[in-house]
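# Per-entry structural report
Letter by letter, the chains look like this.
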Amino acid sequence: MSIYFLKPALKETIWGGNRLKNEYGMQTDMKNIAEAWMLSCHEDGESVVLNSDFKGKTLSKLIEDELGMECLGFNGRDFTDIEDFPILIKLIDADDNLSVQVHPDDEYAAEHEKDIRGKTEAWYIIDCDEGSQLVYGFKEEITKDEFRSSISDGTLLEKVNRVDVKPGDVAFIPSGTLHAIGKGILLAEVQQSCNTTYRVFDYNRKGLDGKPRQLHIEKAADVTKCVPPERNLEPEGMPVKHDGYTSILLTECEYFSTTLILSESLYADTADEKSFVSVIVLEGSGKIKNNGEEYPVNKGDSIFLPADSGSYYISGQTKLLVTRI
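The text that follows walks through the structure, step by step, so that each part is easy to find. Counting restarts for each chain: residues are numbered from 1 in the order of the written sequence. Reporting of local features is limited, given that this is a predicted model, to residues whose pLDDT is at least 70; pairs of side-chain atoms are given and counted only at 80 or more, and all residues count toward the totals for whole chains, interfaces and linings. Computation of side-chain values covers all heavy atoms of the structure but excludes hydrogens and water.

## Considerations on the overall build of the protein chain
Helix and strand labels come from DSSP, where a helix needs a run of H or I of at least four residues and a strand needs a run of E of at least two; each type is numbered from the N terminus. For the protein chain, the count of helices and strands is six helices and 22 strands. Note on method: radius of gyration uses C-alpha positions; expected globular size equals 2.2 Å times residues raised to 0.38. Here the protein chain has a C-alpha radius of gyration of 19 Å; the compact-globule value for 325 residues is 20 Å, and the two agree. Buried residues are those whose accessible area, probed at 1.4 Å on protein chains only, stays under 20% of the maximum for their type, while exposed residues exceed 50% and partly exposed ones sit between those limits. By the burial criterion, 54% of the 325 residues in the protein chain qualify as buried. Contacts are assigned to residue pairs that have any heavy atoms within 4.5 Å of one another. Counted over contacts in the protein chain with a minimum sequence separation of 6, partners at least 24 positions apart contribute 72%. Accessibility throughout is a Shrake-Rupley quantity obtained with a 1.4 Å probe, and a residue counts as covered only by protein chains that appear here. Taken as a whole, the protein chain presents about 14500 Å² of accessible surface, with 44% of it coming from carbon and sulfur. Separation between the mean location of the 35 positive side-chain charges and that of the 57 negative ones in the protein chain comes to 5 Å. The charge count treats Lys and Arg as positive and Asp and Glu as negative. His and the chain ends do not count. Taken as the charge location is NZ of Lys, CZ of Arg, CG of Asp or CD of Glu.

Below you can see the structure in the form of structure tokens.
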């Protein structure tokens, strides 16, 4: 068997909305859903297998007991334990502004946190309200002392780089980049498998427990690169027309590669020996076929294909987020 459908881990926060429920069919008793962890082996929220003999078990259990770490492929050969699973993919619905925050790199996380790696991430803007913005680095380079002072005297938001966004934009956020998702944005996030966040400003809000949300000023100061972003919000690649679909390379880095597929009728691809393939269905419906297996696919589905699964095909008019390591 090569096609595994995954149920996401859902997260409720004070800034989440209802689009993941209403538009993507996420079922929950939570008041809102801020995040759906579509592909995850992280202990803070694991994906659960929806089909096969492993139905109801976690993705990490499937890999440990059935597929083996070789299912990650040649590019994942250095990941020897399930705790090493390299990436995490989310859908995020920001009904309100997220905190201004930063993530550590691999070295800092290994030394100071329970996560064994840092967090470089990329955002694909699925939809947004008119006028929605991101915090994306700084307007101009400042010193660490100026960064600390701006937090303490309340002038941080005067120094950050705010950028307007539209559907289709891509923000690449290396570890150490100050950032925040703005109100009214629905996006897909591909990241290293890390759940360590250092908040530096949170609008003086209280969490779901009624207590002020914790800030992490000193650690943030340690890791933040106080400079403007190196990239704009354009996808890395231009649209490439294929027979039945168009592909756009959104971003590629040492940790992952993510491509948007706009399929008019049929998307044909191969899960080769280099990497597993994650497919998130952002729009549309159809069927997926691989090695004699065939299943319906619908908006909101998350599909995991182990490395070396061979050619697979997704029929129908669909918008897909396809990620490899």
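Resuming the write-up.
## Focus: helix α4 (residues 144-152)
Residues of α4 that are buried: F147, S150 and I151. Taken down its axis, α4 places every buried residue within 100° of arc, on the same side. Residues of α4 that are exposed and point over 90 degrees away from its buried face: D145 and S152. Packed against the buried residues of α4 are β8 (133-138), α5 (156-159), β13 (198-201) and α6 (217-223). The arc in question is the one spanned by the directions pointing from the helix axis to the C-beta atoms.

## Comments concerning the side chain of S99
Summarising the element assignment, S99 is placed in the loop between β5 (87-94) and β6 (100-102). Overall, S99 belongs to the buried group, its relative accessible area being 2%. Whenever two N or O atoms come within 3.5 Å, that pair is a polar contact, provided that in protein one can donate a hydrogen and the other can accept it, and provided that, for residues adjacent in sequence, both atoms are side-chain atoms. A polar side-chain atom of S99 sits 2.9 Å from a polar atom in the side chain of Q101. When residues no more than four places from it in sequence are discounted, the contact partners of S99 are H179, A180, R199, F201, D202 and R205.

## Some words on the layout of surface pockets
Its volume calculated, the largest pocket comes out at about 670 Å³. Surrounding the largest pocket, 30 residues form its lining, E35, N195, T197, R199 and R213 being those nearest its centre. Of all elements in the fold, only β3 (35-39), β5, β7 (121-128) and β13 reach the threshold of two or more residues within the lining of the largest pocket. Amino acids are sorted into nonpolar (Ala, Val, Leu, Ile, Met, Phe, Trp, Tyr, Cys and Pro), charged (Asp, Glu, Lys and Arg) and polar (every other residue, Gly among them). Here the residues of the lining of the largest pocket are counted per class, giving nine nonpolar, nine polar and 12 charged. Class assignment of the residues belonging to the lining of the second largest pocket gives a composition of seven nonpolar, three polar and five charged. Using protein atoms alone on a 1 Å grid, points that fit a 1.4 Å probe yet trap it form a cavity, whereas open point sets bounded by protein on both sides within 12 Å along at least five of seven lines form a pocket; residues with an atom within 4 Å of a point count as lining. Grid points are joined across faces, edges and corners, and a volume is the space filled by probe spheres set on the points.

## Describing empty space enclosed by the protein
The final tally for this structure, using the stated rule, is one cavity of 30 Å³ or more. For the largest cavity, the calculated volume is near 50 Å³. Lining the largest cavity are A122, W123, Y124, V170, A188, V190, L250, T251, T258 and L321. Mapped by element, the contributors of at least two residues to the lining of the largest cavity are β7, β12 (185-192) and β15 (245-252). For the lining of the largest cavity, the element with the most residues is β7, which contributes three residues.

## Regarding the packing of aromatic side chains
Any Phe, Tyr or Trp ring, taking Trp's six-membered ring, that has another such ring centre within 6.5 Å forms a pair; planes under 30 degrees apart are called stacked, those over 60 apart edge-to-face, and the others tilted. Counting across every chain of the model gives eight aromatic pairs. Ring centres 5.5 Å apart and planes at 25° place the aromatic pair F85 and F276 in the stacked group. A residue pair is termed long-range when its members are at least 10 positions apart, and F85 in the loop between α2 (59-67) and β5 and F276 in the loop between β17 (266-271) and β18 (277-290) qualify at 191 residues. On the basis of relative accessibility, which here comes to 0%, the residue F85 falls in the buried class. A relative accessible area of 0% means that F276 is categorised as buried. The interplanar angle of 80° and the centroid separation of 6.1 Å between the aromatic rings of Y267 and Y312 together place this pair among those described as edge-to-face.

## Regarding the sheet that holds β12
Strand order in the open sheet formed by six strands is β2-β3-β5-β12-β7-β10, with antiparallel pairing between adjacent strands. With one partner strand each, in any of the chains shown, β2 (9-11) and β10 (170-173) form the two edges of the open sheet. Adjacent strand axes in the sheet meet at a mean angle of 20° when their direction is disregarded. Criterion used throughout: strands pair if DSSP finds at least two bridges between them. Of the pairings in the sheet, the one linking β7 to β12 comprises seven bridges and is antiparallel in character. The partner of W123 across the bridge, within β12, is E189. Note on geometry: axes are C-alpha line fits, over the in-contact stretch for helices, and angles between N-to-C directions span 0 to 180 degrees.

## Let's talk about the environment of A180
In this structure, A180 sits in strand β11 (residues 179-181). With sequence-adjacent residues up to four places away left out, A180 is seen in contact with L98, S99, V100, W123, L134 and V135.

## Comments concerning the pairing of β7
Among the eight residues that make up β7, seven are buried, leaving the element largely enclosed by the rest of the structure. As defined by bridge partners, β7 adjoins β10 across four bridges and the pair is classed as antiparallel. Counted as the bridge partner of W123 is A171 from β10.

## What to know about the nonpolar core
M26, L39, L59, I63, F85, L91 and F304 are the most contacted members of the largest nonpolar core, which has 43 residues in total. Top element by residues in this core is α2. It accounts for four residues. Setting aside chain neighbours within four positions, we find F85 in contact with L39, C41, L59, I63, L72, R117, S193, F276 and F304. To form a nonpolar core, buried Ala, Val, Leu, Ile, Met, Phe, Trp, Tyr and Cys residues must be joined to one another through side-chain atoms within 4.5 Å.

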